[in-house]
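# Examining the three-dimensional arrangement
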Amino acid sequence: MQVVILDSPEAVAEYGAQIFIRQLKKQPHSVLGLATGSTPVALYQKLIDANQKNEISFRDVTTYNLDEYLGLEGDHPQSYRHFMNQQLFDHIDIDKTRTYVPPGSASNPIQACDEYEQMIAASGGINIQLLGIGRNGHIGFNEPSSGLLSRTRVKTLTQETIDDNARFFSEDEYQPHLSITMGIGTILDSQQVVLLATGSSKADAIYRAVEGPMSASCPASALQMHQNAVIVIDEAAAANLEHREFYKHIERENQKLLAQLGN
Ligand code: F6R
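All values derive from a computational prediction rather than experimental measurement.

### Looking at the site of the ligand
Around the ligand lies a shell of 14 residues, among which Thr39, Asp67, His138, Gly140 and Lys202 are the nearest. Separating an oxygen atom of the ligand from a side-chain N or O atom of arginine 167 is a distance of 3.1 Å. Protein contacts shield 92% of the accessible area of the ligand, which totals 410 Å² for the unbound molecule. When its residues are assigned to classes, the shell around the ligand shows three nonpolar, eight polar and three charged.

### Things to note about helix H9 (residues 244-260)
Note on helix geometry: an α-helix contains 3.6 residues per turn, so any two residues three or four positions apart are oriented the same way. The terminal C-alpha atoms of H9, which comprises 17 residues, lie 25 Å apart, in line with the 24 Å expected from a rise of 1.5 Å per residue. What H9 keeps buried is the set Tyr247, Lys248 and Glu251. Seen along its axis, H9 keeps its buried residues to an arc of 100 degrees; they face one direction. Those residues of H9 that are buried are in contact with strand S1 (2-6), helix H1 (9-26), helix H7 (203-210) and helix H8 (235-238). Glycine 262 occupies a position one or two residues after H9 and carries a positive phi of about 80 degrees.

### Some details on the packing of helix H2 (residues 41-52) against helix H3 (residues 80-87)
Remark: H2 packs on H3, axes separated minimally by 10 Å, with the N-to-C direction vectors making an angle of 45 degrees. One way to sum up the angle between H2 and H3 is to call them oblique. Between H2 and H3, the residues in contact are Val41, Tyr44 and Ile48 and Phe83, Met84 and Gln87, respectively. In the contact of H2 with H3, the residues fall into five nonpolar, one polar and no charged.

### Description of the sheet that holds strand S9 (residues 192-197)
Paired through their backbone hydrogen bonds, the strands of a sheet run either parallel or antiparallel. The seven strands are arranged S1-S10-S9-S6-S2-S3-S5 in an open sheet whose pairing can be described as parallel. Since the sheet does not close on itself, it has two edges, and those belong to S1 and strand S5 (99-100), each with one partner. Taken together, the four bridges between strand S6 (residues 128-131) and S9 define a ladder with parallel strand orientation. The residue of S9 that forms the bridge with leucine 130 is valine 194.

### A word on the nonpolar core
As a rule of thumb, soluble globular proteins bury nonpolar side chains together. Counting residues in each nonpolar core, the largest one holds 34 residues, and the members touching the most others are Leu195, Ile206, Leu223, Ile233 and Leu241. Mapped onto this core, the elements with two or more residues apiece are S1, helix H4 (109-122), helix H6 (184-188), S9, H7, strand S10 (229-234) and H8. The dominant element in this core, judged by the number of residues it contributes, is H7, at four residues. Not counting chain neighbours up to four residues away, the residues in contact with leucine 241 comprise Val3, Ile5, Ile206, Tyr207, Val210, Glu211, Ile233 and Tyr247. Counting 31 residues, the second-largest nonpolar core is a separate cluster that includes Leu47, Ile48, Ile128 and Val232.

Procedures and definitions
- Residues numbered from 1 in each chain as written.
- Predicted model: local features only at pLDDT ≥ 70, side-chain atom pairs only at ≥ 80, totals over all residues.
- Heavy atoms only, no water.
- Near = heavy atom within 4 Å.
- Polar contact = N/O pair within 3.5 Å; in protein donor to acceptor, adjacent residues only side chain to side chain.
- Areas by Shrake-Rupley, 256 points an atom, 1.4 Å probe, with all protein chains shown as cover.
- Nonpolar A, V, L, I, M, F, W, Y, C, P; charged D, E, K, R; others polar.
- Helix = DSSP H or I, 4+ residues; strand = E, 2+ residues; numbered from the N terminus.
- Expected span 1.5 Å × (residues − 1).
- Buried < 20%, exposed > 50% of the residue type's maximum accessible area, 1.4 Å probe, protein only.
- Arc of directions from axis to C-beta.
- Contact = heavy atoms within 4.5 Å.
- Axes fitted to C-alpha atoms, helices over the stretch in contact; angles between N-to-C directions.
- Parallel < 35°, antiparallel > 145°, perpendicular 65-115°, else oblique.
- Pairing = 2+ DSSP bridges.
- Core = buried A, V, L, I, M, F, W, Y, C linked by side-chain atoms within 4.5 Å.

As structure tokens, then:
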């Protein structure tokens, strides 16, 4: 795991955005795995800016989102499809027919999960998967106890996740308790994984993901098995890491090496 500790949430978004920008410059036909939630919003804004300045194009890009609430139509204001349209897709030159979000309103959700896996495979797999992390260590909606090699499936949300996401729903609005999510195994199949986390509320989850034992009780700890996982966090989210000075030292050395190589 590469652990990158930066001064501010703004620096986290910039570092994450540059990974995607480099990918799109190198491979315009990229397949990107995307996430919702508060954390990636600033990164999406940077991708929008880069697109509007013609630095990158999404014309040939395909995207797969991690998850969706089960029971919400794509035009529901709290659906993740709606979120993605608002936060990214409506503002870039992407062909929306190649932006995929698990179908929360599928009449047969179990079949829809298998089809989602098949579609990702037919696209050639995901080049970079963007992730946030829940306070309980979830990635996607893979809640604690999720199988570390699980595939896309219907998942029940924990009360903690329901409470954390209640901020997006008005008081009298129906809030789903079920989701469709890529599995941890699906995420691990991506060529590269970029997990962003900011703020002290994520410090314990980051500690367990990076330095804890690999365990289904912290789904993000499965990334310890990934050959190209980058964890980009601010100081507040890094606060509980025992080896944080070492991670900073490694990152300085990496940057020196990249500068020598002219990157
Ligand atoms: C969203 C997702 C979730 C979030 C996580 C963190 O698609 O899969 O795992 O990444 O709940 O959410 P925020 O960023 O709102 O703290």
